[in-house]
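Understanding the architecture of this molecule
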Amino acid sequence: MGFLDELKEQAQALPTSADDASPDAETLARNRRLANGACRLAHDYWKELADHLNRLRPPSQARYLIGGREPLEGLACSHFRVLPQHRLLPGGEAVFESVLLAWSAACDRVQRVEKEHPQDIERLRASLMQAGIQAAEAPLRHALTGRPQGTAFQFKATVAASVRVTPLSDAGRVRLTFVNVDQLERVEGEYPAAGLRARLLVEIGRWIVGRPHRVLEYAANVRRFQH
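Keep in mind that this is a model prediction, so the values were computed, not measured.

Some remarks on the nonpolar core
- The biggest cluster of nonpolar side chains holds 51 residues, and the ones touching the most others in it are Trp-46, Leu-176, Phe-178 and Ile-204.
- A per-element tally of this core places helix H2 (residues 25-56) first, with eight residues.
- If we skip the residues at most four places from it in the chain, Leu-176 touches Trp-46, Val-163, Arg-164, Val-165, Val-187, Glu-188, Gly-189, Tyr-191, Leu-196, Leu-200 and Ile-204.

As structure tokens, then:
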């Protein structure tokens, strides 16, 4: 017997591990049901949450810093809305592709920020893009020479924030994506679909209104993206 044949025989004699085995059809179907059920639960919970928060218009407790330095203050949270996305299976059954809870943290005050250094200007632009704010830009010029010496940004502080649940159906998991909830950043984490229950949804609601929470304690594969 050759060396490779010997190794092959030994490998075939080993019991199949859970990591090596592909999920069977029954397991896949169960995982997909769990992931879709988690999305449905989030959708129903967030619909009720959005109704309450739109009546309350809670003040934003987030610390939004534009360009890493300029704070946006006096914002109130409003326009909470739930946006589900579905796809149709061959049999006609609708399943969730994602559920988005979105809102705005805003005030009517017009803010003006001036920057001179190119690096600061680009950092400010990146922060505004992350916030979903469209600013009017105007060149700054020296009073005597007329030379360009920076850029002035003028805008209303209206930060777009959201939480999205995306099913990872075959794995029986969900991915939650948090955008600008308490600062200008995107945070992603994965959870077992069976773990997306009222307790976790309550913790997410506490995070949204600026109360202490434990949302990320339950998450795996947490990633943060900041500007």
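Section: H2
- Taking 1.5 Å of rise per residue, the 32 residues of H2 would be expected to cover 46 Å, and the 46 Å separating its terminal C-alpha atoms lies within 8% of that figure.
- The complete set of buried residues in H2 reads Asn-31, Ala-35, Asn-36, Ala-38, Cys-39, Ala-42, His-43, Trp-46, Leu-49, Ala-50 and Leu-53.
- Contact partners of the buried residues in H2: strand S3 (76-88), strand S4 (94-115), strand S6 (148-168), strand S7 (173-179) and helix H4 (198-208).
- Arg-57 sits one or two positions beyond H2 and adopts a positive phi of about 45°.

As for the pairing of S4
- Examined bridge by bridge, S3 and S4 share 11 bridges and lie antiparallel to one another. When the bridges of S4 are listed, Leu-88 appears paired with Ala-94.
- Hairpin connection between S3 and S4: a loop of five residues separates the two successive antiparallel strands, and Gly-92 in this loop has a positive phi of roughly 100°.
- Where S4 and S6 come together, 14 bridges link them in antiparallel fashion. Pairing of Ala-102 across the sheet is with Ser-162, part of S6.

A word on the packing of aromatic side chains
- Under the defined criterion, the tally for this structure stands at two aromatic pairs.
- Each ring, one from Phe-80 and one from Trp-103, has its centre 5.5 Å from the other, and the planes form 15°; the classification is stacked. Taken together, the residues span a long stretch of sequence, with Phe-80 in strand S3 and Trp-103 in strand S4 at a distance of 23 residues.
- A residue is classified by how much of its surface remains accessible, and Phe-80, at 5% relative accessible area, is buried.
- A ring pair is formed by Phe-178 and Trp-207, whose centres lie 4.7 Å apart and whose planes are at 40°; its orientation type is tilted. Of this pair, Phe-178 sits in strand S7 while Trp-207 sits in helix H4, and the two are 29 residues apart along the sequence. Take Phe-178 and Trp-207: they sit in the same class, and that class is buried.

Calculation notes
- Residues numbered from 1 in each chain as written.
- Predicted model: local features only at pLDDT ≥ 70, side-chain atom pairs only at ≥ 80, totals over all residues.
- Heavy atoms only, no water.
- Core = buried A, V, L, I, M, F, W, Y, C linked by side-chain atoms within 4.5 Å.
- Buried < 20%, exposed > 50% of the residue type's maximum accessible area, 1.4 Å probe, protein only.
- Helix = DSSP H or I, 4+ residues; strand = E, 2+ residues; numbered from the N terminus.
- Contact = heavy atoms within 4.5 Å.
- Expected span 1.5 Å × (residues − 1).
- Pairing = 2+ DSSP bridges.
- Phe/Tyr/Trp six-rings, centres within 6.5 Å; stacked < 30°, edge-to-face > 60°.

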